[in-house]
Amino acid sequence: MNEATHMKAIRIHQFGGLEELRYEEAPIPVPAADEILIKVAGTAFNQADVKIRKGYLQAFFPHEFPYIPNFEVSGTVEAAGAEVTDFQPGDRVYAALDMSRDGAAAEYVVTKAQYAALAPVSLELSDAAALPIGVLTAWQGLFDHGNLPQSGRVLIAGAAGGVGSYAVQFAKQHGAYVIGTSSAASMPMLQELGIDEIIDYTKESVTDKLKDKVDLILNLSPESTEVLNTWLPLLKEGGALISAVNPADEMLAAQLGVKAHRLFAQEDRTLLTRVAELVDAGKLKLWITGRLPLAELAAAHAMSEAGKLRGKVLITI
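Residues numbered from 1 in each chain as written. Predicted model: local features only at pLDDT ≥ 70, side-chain atom pairs only at ≥ 80, totals over all residues. Heavy atoms only, no water.

Caption draft 1: Main features of the sheet that holds strand S9 (residues 177-182). Strand order in this open sheet of six strands is S10-S9-S8-S11-S12-S13, and the pairing throughout is parallel. Two strands in the sheet have a free side with no partner beyond their single neighbour: strand S10 (197-200) and strand S13 (259-262). Taken pair by pair, the neighbouring strands of this sheet meet at an average axis angle of 15 degrees, ignoring direction. Direction of pairing for strand S8 (residues 153-157) relative to S9: parallel, over a ladder of five bridges. (Pairing = 2+ DSSP bridges. Helix = DSSP H or I, 4+ residues; strand = E, 2+ residues; numbered from the N terminus. Axes fitted to C-alpha atoms, helices over the stretch in contact; angles between N-to-C directions.)

This is how it looks when you write it as structure tokens:
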């Protein structure tokens, strides 16, 4: 094949198991007038990638086959559409991608220029791919939807994950009292981030352990709706349970005088620019627990399904 028109990519031709993640040749995408073509340095695995591969999120993010997964990217601008004025070839960028389009598990990906931001200069470019979805989900869950008050109390379920570690840092910088659920293996990292209280979910129940009510619960763990519903009474009146995974019952929440909301992160260049400044100022730490080559993306899916994934796993190109 002509190397100028084709690239290596992971593609999914139908919903299903790990075997559907095929490493193969694919056409290099062509940017539209308002898009940029990124030569991928890194992408990152997210728990939602498993649900997308299995077809569980098709109602929210419809895909046409074959589909290239992964919706976080860092890399260099290879080409820019005719209407793009804020990026040029060679710029180091990172972005959260449109989850209904082809993703970054490939050598090249296109995105609307408005979704991208200049990457932190203090990081290896591939490492910047560990940021976009995590920081957007954490920030939007805590503040845009959760309205966490300064000096408020927040419970972050899944505090040691690829989103939770950012949520802990944002909440602490906001002046909040932060409680997190975690296994023992992740506790030293959370303590380093300044978390105030940790609930070992392998030994302790949130409903039994949490003594005082909280202003916000940010759920980043795979707890069922039934379990989340038992957490709603742990909220102060007017509080919120924001879940990036399974939803809590909105009607039950309303009856209790609280809010329940299912969160899908939205692209936000302004926030990504702010995050890059925080990283470069040494005010935001990344927790990268593994790196895999593109051809081994299925290994990250397998670890996730086995419940053995902590932190953020990068896929390097």
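Caption draft 2: Here's a closer look at the packing of helix H1 (residues 47-54) against helix H9 (residues 297-305). Between H1 and H9, whose axes approach to 9 Å, the crossing angle comes to 100 degrees. Comparing the axis directions of H1 and H9 gives the class roughly perpendicular. Contact residues: Gln47, Asp49, Val50, Arg53 and Lys54 in H1; His301, Ser304 and Glu305 in H9. In the contact of H1 with H9, the residues fall into one nonpolar, three polar and four charged. (Parallel < 35°, antiparallel > 145°, perpendicular 65-115°, else oblique. Contact = heavy atoms within 4.5 Å. Nonpolar A, V, L, I, M, F, W, Y, C, P; charged D, E, K, R; others polar.)

Caption draft 3: Seen up close, the pattern of salt bridges. For the coordinates displayed, the defined rule picks out 14 salt bridges. The partner of Lys312 in a salt bridge is Glu72, with the nearest N and O atoms 2.8 Å apart. With a gap of 240 residues between them, Lys312 in strand S15 (residues 312-316) and Glu72 in strand S4 (residues 72-80) connect regions that are remote in the sequence. Exposure class is identical for Lys312 and Glu72. Each is buried. Residues joined in a network through salt bridges with shared partners are Arg53, Lys54 and Glu305. (Salt bridge = Lys/Arg side-chain N within 4 Å of Asp/Glu carboxyl O. Buried < 20%, exposed > 50% of the residue type's maximum accessible area, 1.4 Å probe, protein only.)

Caption draft 4: Just the pairing of S8, in detail. The buried count for S8 comes to five of five residues, which makes it a mostly enclosed element. Where burial is concerned, the two faces of S8 agree: the one with Arg153, Leu155 and Ala157 and the one with Val154 and Ile156 are both buried. In this fold, the crossover linking S8 to S9 by way of helix H3 (residues 164-173) has right-handed handedness. Strand direction decides the pairing type here: S8 and strand S11 (residues 214-219), joined by four bridges, are parallel. Across the sheet, residue Ile156 finds its bridge partner in S11, namely Leu218. (Right-handed = clockwise from strand over helix to strand, strands pointing away.)

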